[in-house]
Amino acid sequence: MKLILSSIATITAVMTLLVNAALAADPASVATESAPNSVCPVTGKPVDPAITADYEGLKWAFAKEACKTKWLKAREDSLYQKLGGKAAIDAVVDAFYVKVLADNRVKDFFADVSMDKQRRKQKEFLSFAFGGPLPWTGKDMRKAHDGMGLTEEHFNAIAENLVGTLKDFKVKQELIDQVVAIALTTKDDVLGRPKK
């Protein structure tokens, strides 16, 4: 049963990534701190400025009330929200990099990296991968890790540090399993393996 649930979680995560990636093509579908979106993040049609929802400090607009309901339900059901949303992702990533930078198996990969930028990008990526509302604007995983010489040991070290950090934050095992399932979907790209 656990394997079935894990598979369902992986499929759901991949579908979420695909939907969010499609929406990410149009920046008008994303709310910002200074203005709501002008294109509905559900339908891709112009919004009705009277139909809005506040989510994590941003005002989101929608074409129809049904779009708003669907979008809010997707937020509620997302792994992102179950983990605690933006504040939780931010805290976990900050603690995660404390572990990573102390791990002799991988710390050297970050020697010449701006850790402020790295933390920001990791927060953005994980938020996106876990079903948060904002699109991923960085490189795809294959390009981001190309030429680094990463091995299975390096991937496993990062995964172990992420799992350890989630356990430190008392995240339920079923949610950790979903995080791991999503991380595993990036493994071939991160390690530069041929696509299956």
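Here, the structure is the one placed above.
Residues numbered from 1 in each chain as written. Predicted model: local features only at pLDDT ≥ 70, side-chain atom pairs only at ≥ 80, totals over all residues. Heavy atoms only, no water.

1. Remarks on the packing of aromatic side chains
- Under the defined criterion, the tally for this structure stands at 6 aromatic pairs.
- Plain terms: the ring middles of Phe125 and Trp136 are 5.2 Å apart, the flat faces sit at 80° to each other, and that makes the pair edge-to-face. With a gap of 11 residues between them, Phe125 in helix α5 (residues 115-129) and Trp136 in the loop between α5 and α6 (141-145) connect regions that are remote in the sequence.
- A relative accessible area of 13% places Phe125 in the buried class.
- On the basis of relative accessibility, which here comes to 18%, the residue Trp136 falls in the buried class.
- Each member of the aromatic cluster is reached from another via a ring pair, and the members are Tyr55, Trp60, Phe62 and Trp71.
- The ring of Trp71 carries the charged tip of Arg75 above its face, separated from the ring centre by 4.7 Å.
- Directly above the ring of Trp136 sits Lys121, whose terminal nitrogen or CZ lies 5.3 Å from the centroid. (Phe/Tyr/Trp six-rings, centres within 6.5 Å; stacked < 30°, edge-to-face > 60°. Helix = DSSP H or I, 4+ residues; strand = E, 2+ residues; numbered from the N terminus. Buried < 20%, exposed > 50% of the residue type's maximum accessible area, 1.4 Å probe, protein only. Lys NZ or Arg CZ within 6 Å of the ring centre and 35° of its normal.)

2. So, the pairing of strand β2 (residues 58-62)
- Most of β2 is tucked away: 4 of the 5 residues are buried.
- One ladder, built from 5 bridges, connects strand β1 (residues 48-55) with β2; its direction is antiparallel. Within the sheet, the bridge partner assigned to Asp48 lies in β2 and is Phe62.
- The hairpin turn running from β1 into β2, its antiparallel successor, is 2 residues long, and Glu56 in that turn takes a positive phi close to 50°. (Pairing = 2+ DSSP bridges.)

3. Brief notes about the nonpolar core
- Ranked by internal contacts, the top residues of the largest apolar core, which has 46 residues, are Trp60, Phe62, Leu83 and Phe130.
- The greatest single-element share of this core, amounting to 6 residues, is contributed by helix α4 (residues 85-101).
- Excluding anything up to four places from it in sequence, Phe62 contacts Cys40, Pro41, Val47, Asp48, Ile51, Thr52, Ala53, Cys67, Lys68 and Trp71. (Core = buried A, V, L, I, M, F, W, Y, C linked by side-chain atoms within 4.5 Å. Contact = heavy atoms within 4.5 Å.)

4. Some words on the environment of Asp90
- By the secondary structure assignment, Asp90 is in helix α4.
- At a separation of 2.8 Å, a polar atom in the side chain of Asp90 contacts the side chain of Lys86. (Polar contact = N/O pair within 3.5 Å; in protein donor to acceptor, adjacent residues only side chain to side chain.)

5. Describing empty space enclosed by the protein
- Tallied over the full model, the rule gives 1 cavity of 30 Å³ or more.
- Reported here for the largest cavity is a volume of approximately 80 Å³.
- In terms of lining, the largest cavity is formed by Leu83, Ala88, Ile89, Val92, Val93, Leu126, Phe130, Leu162, Leu166, Val171 and Val179.
- For the lining of the largest cavity, the secondary structure elements donating two or more residues are α4 and α7 (152-168).
- The element that contributes the greatest number of residues to the lining of the largest cavity is α4, accounting for 4 residues. (1 Å grid on protein atoms, 1.4 Å probe; cavity = no way out; pocket = protein on both sides within 12 Å on 5 of 7 lines; lining within 4 Å. Points joined across faces, edges and corners; volume = space filled by probe spheres on them.)

By themselves, these figures tell us nothing about what the structure is for.
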